[in-house]
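Overview (structure and organization)
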Amino acid sequence: NGFENRRTFIYDTTGRITRFVDSLIVEPNDFIESVVSKIDYKDDLPVLISSFKSRDSLFKDPIKEVSFKYTFDE
């Protein structure tokens, strides 16, 4: 219907994804809104993805959080 979702990835100096931005665009390239998602790591594994409206530049009020828990077998 003329709407397009675009995802942009932001990497740190080691090549690990630290954030990604989901933008909603209407043709022809008219920006509507975006959501910034921040990835927290522990022991080089993602443990939390927090998503924020782009206007929340201080990352204070997440609109969504996804947490990961890992179990390892020996």
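Now for a look at the structure at hand. (Residues numbered from 1 in each chain as written. Predicted model: local features only at pLDDT ≥ 70, side-chain atom pairs only at ≥ 80, totals over all residues. Heavy atoms only, no water.)

Across all of its chains, the model carries three aromatic pairs by this definition. When the ring of Phe9 is compared with that of Phe20, the centres are 6.3 Å apart and the planes differ by 50°; the resulting orientation is tilted. Separated by eleven residues along the polypeptide, Phe9 in strand β1 (residues 3-11) and Phe20 in strand β2 (residues 17-26) bring together distant segments of the chain. With 5.0 Å between their ring centres and 65° between their planes, Phe52 and Phe59 make a pair best called edge-to-face. Residue class for Phe52 comes out buried when judged on its relative accessible area of 3%. A cation over an aromatic ring shows up here: Arg16 above the ring of Tyr41, its NZ or CZ 4.0 Å from the ring centre. (Phe/Tyr/Trp six-rings, centres within 6.5 Å; stacked < 30°, edge-to-face > 60°. Helix = DSSP H or I, 4+ residues; strand = E, 2+ residues; numbered from the N terminus. Buried < 20%, exposed > 50% of the residue type's maximum accessible area, 1.4 Å probe, protein only. Lys NZ or Arg CZ within 6 Å of the ring centre and 35° of its normal.)

Glancing now at the pairing of strand β3 (residues 30-42). Alignment of β2 against β3, held across eight bridges, turns out to be antiparallel. Each residue of the ladder has a partner; that of Leu24, found in β3, is Glu33. Hairpin connection, β2 to β3: the antiparallel pair is bridged by three residues, and Asn29 has positive phi, about 65°. Where β3 lies against strand β4 (residues 45-53), eight bridges are found, and the strand directions are antiparallel. Bridged to Tyr41 within β4 is Pro46. (Pairing = 2+ DSSP bridges.)

Let us now look at the pattern of salt bridges. In this structure the tally under the stated criterion is six salt bridges. Across the pair Lys53 and Glu33 runs a salt bridge whose closest N-O atoms are separated by 3.1 Å. Here Lys53, found in strand β4, pairs with Glu33, found in strand β3; they are 20 residues apart in sequence, far enough to count as distant. By relative accessible area, which is 26% here, Lys53 ends up partly exposed. With a shortest N-O distance of 3.7 Å, Asp40 and Lys38 are connected by a salt bridge. Shared partners join several salt bridges into a network, and the residues in it are Asp12, Arg16 and Asp44. (Salt bridge = Lys/Arg side-chain N within 4 Å of Asp/Glu carboxyl O.)

What follows deals with the pairing of β1. The side chains of a regular strand alternate between both faces of the sheet. Where β1 lies against β2, nine bridges are found, and the strand directions are antiparallel. Of the residues in β2, the one forming a bridge with Phe3 is Val26. Connecting the antiparallel pair β1 and β2 is a turn made up of five residues, with Gly15 showing a positive phi of about 95°.

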